[in-house]
Amino acid sequence: MTVPAMHAIVIVIRRNIFKGACNVMLIAAEKFIAALSSGERNAPNLTIAFGDEAYYKDSILQGLTSEIFAGVSEQDRSLLTFEQEVNFSALREGINTYPFFSGKNFIIIKDPKLLDKEKKGEDGTSDKRKKDLQEFTEILADIPEYTHVICLCGKIDKRLVFYKTISKIATLVECNSIKSYSLKPWLEEQAASFGSRFEYQAIALIMEYMSVAENVPLLFLHQEIEKLALYAGKRKIWTVHDVTDIFSQLPEVSGFALGNAISDRKIAKVLELLAIEQKKGSGNFIPTLSRVSFEIRRLCKVRELIDAGEQKDMIAARLKMHPYAAQLLAATCQKFTLKALKCCLLSLTMINMNMRKGGRQWECLEEALLKLFATTRK
């Protein structure tokens, strides 16, 4: 038998072993992490973790490392990492070199540039990219049983040949971010991992803190929960006061405090918080304006629903809020008329439109809010 023929047989055998071992599927990150930590599934030979949530990617990387190198000391582990730029020769060698000490190779590929969305108008890029993707795909499609590879990346273009090929042979893990209104199960799981639980109001407060963020920063939030566990010590029920004390450094909290002061019609507090934000510099005006606009818009929606006769449970469902938070917001809405809220929202929109002209930005924001307070229900 010729050498090329023997090599072809080896590749086929490897692929068959790999296909049987990796249990090809598309799976949500939390389910993959749970199955890995519980021992329900072994580490796949090829894992593609894609999406915009860094917390899940870090958890997957830690879980795979623990599974692959169980019982192996750190100095004996065969690890190879590529960040952004991937040297194909080094990758191929790392995958196919047998590890003498640990018995397993673990190759980590972080945010490879060749999977980024291609910019149009760059001469010669398309052909080179196609060639690079083809070689990258061929390398990952031929992984021996003693090697594990994880590719951590953002969104993948599903039109690429790379995705269509890899999806048939790899375990694809979706690392999608979480919206604030879907945060409750995640928070409960985090508390349970420390043998603790949150009070009802404590979860509601965290969800309120996170409501101003488009996507919840899970990695940062996880770090704050670790601090909370240390702070609470032997106490296994975490209260709203614990959350207030520990989460005070979150960027979302200062915005929440401003929104709260507006809702509670605490004029002096609003002016004080605006002055604090202004001292941080002109670059902080847009986030502050966005936070104020978010609060006024939300109050406007709740006021409209109340005037339409909607009940609190329906308001919570419509606005995708925690019921307790919706209850508090519905109560504060009684201090405002719908007309005053809409007028304030229009003023904030005009401030946003006129920002490029410079001038009295902070002063205009203060005036818009003072006008709102002057026409609110006492």
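Just above sits the structure.
In this text, all values refer to a predicted model and were calculated from it rather than measured experimentally.

## Considerations on a nonpolar patch on the surface
Link 1 in the chain: There is a patch of nonpolar side chains on the surface, built from Y98, F100 and F101 and spanning about 460 Å² of accessible area.
Link 2 in the chain: Its relative accessible area of 75% is what places F100 among the exposed residues.

## Overview of the pattern of salt bridges
Link 1 in the chain: Taken as a whole, this structure holds 11 salt bridges when the rule is applied.
Link 2 in the chain: Among the salt bridges present, the one from K128 reaches D132, with a minimum N-O distance of 2.8 Å. Of this pair, K128 and D132 are both found in helix α5 (residues 125-140), four residues apart, which corresponds to roughly one turn of the helix.
Link 3 in the chain: Among the residues examined, D132 registers a relative accessible area of 19% and is labelled buried.
Link 4 in the chain: Here the residues in one salt-bridge network are R291, E295 and R298, joined through shared partners.

## A short note on the side chain of D242
Link 1 in the chain: Among the secondary structure elements, D242 is positioned in helix α10 (residues 240-246).
Link 2 in the chain: Residue classification places D242 among the buried positions, given a relative accessible area of 4%.
Link 3 in the chain: Only 2.9 Å separates the side chain of D242 from the backbone nitrogen of T239, close enough to count as a polar contact.
Link 4 in the chain: Excluding residues within four positions of it along the chain, D242 makes contact with L228, Y231, R235 and I237.

## Quick word on the packing of aromatic side chains
Link 1 in the chain: Counting across every chain of the model gives 10 aromatic pairs.
Link 2 in the chain: Every member of this aromatic cluster is reached through a ring pair, and the members are Y55, Y56 and W186.

## Side note on helix α12 (residues 267-279)
Link 1 in the chain: Between its first and last C-alpha atoms α12 spans 19 Å; for 13 residues at 1.5 Å apiece the expected length is 18 Å, and the two agree.
Link 2 in the chain: Listing the buried residues of α12 in full gives V270, L273, L274 and E277. Mapping the buried residues of α12 onto a view down its axis gives an arc of 100°, with all of them on the same face. When the buried face of α12 is taken as reference, the exposed residues oriented beyond 90 degrees from it are A268 and K279.
Link 3 in the chain: Of the residues flanking the end of α12, it is G281, one or two places downstream, whose phi is positive at about 120°.

## A short note on the state of the cysteines
Link 1 in the chain: Scanning the entire structure with this criterion turns up zero disulfides.
Link 2 in the chain: C343 supplies the cysteine sulfur nearest to C344, a cysteine that is in no disulfide, at a spacing of 7.5 Å.

## Let's talk about unusual backbone geometry
Link 1 in the chain: A positive phi angle, near 65°, is found at Q84, a position not held by glycine.
Link 2 in the chain: Relative to the helices and strands, Q84 resides in the loop between β3 (78-83) and α4 (88-96).
Link 3 in the chain: Located in the positive-phi region is D111, a residue other than glycine, with phi close to 45°.
Link 4 in the chain: You can see D111 is positioned in the loop between β4 (105-110) and α5.
Link 5 in the chain: Judged by its relative accessible area of 43%, D111 is partly exposed.

What counts as what
- Residues numbered from 1 in each chain as written.
- Predicted model: local features only at pLDDT ≥ 70, side-chain atom pairs only at ≥ 80, totals over all residues.
- Heavy atoms only, no water.
- Patch = residues over 30% accessible without salt bridge, like charges linked within 9 Å, V, L, I, M, F, W, Y side chains within 5 Å.
- Areas by Shrake-Rupley, 256 points an atom, 1.4 Å probe, with all protein chains shown as cover.
- Salt bridge = Lys/Arg side-chain N within 4 Å of Asp/Glu carboxyl O.
- Buried < 20%, exposed > 50% of the residue type's maximum accessible area, 1.4 Å probe, protein only.
- Helix = DSSP H or I, 4+ residues; strand = E, 2+ residues; numbered from the N terminus.
- Polar contact = N/O pair within 3.5 Å; in protein donor to acceptor, adjacent residues only side chain to side chain.
- Contact = heavy atoms within 4.5 Å.
- Phe/Tyr/Trp six-rings, centres within 6.5 Å; stacked < 30°, edge-to-face > 60°.
- Expected span 1.5 Å × (residues − 1).
- Arc of directions from axis to C-beta.
- Disulfide = S-S within 2.5 Å.

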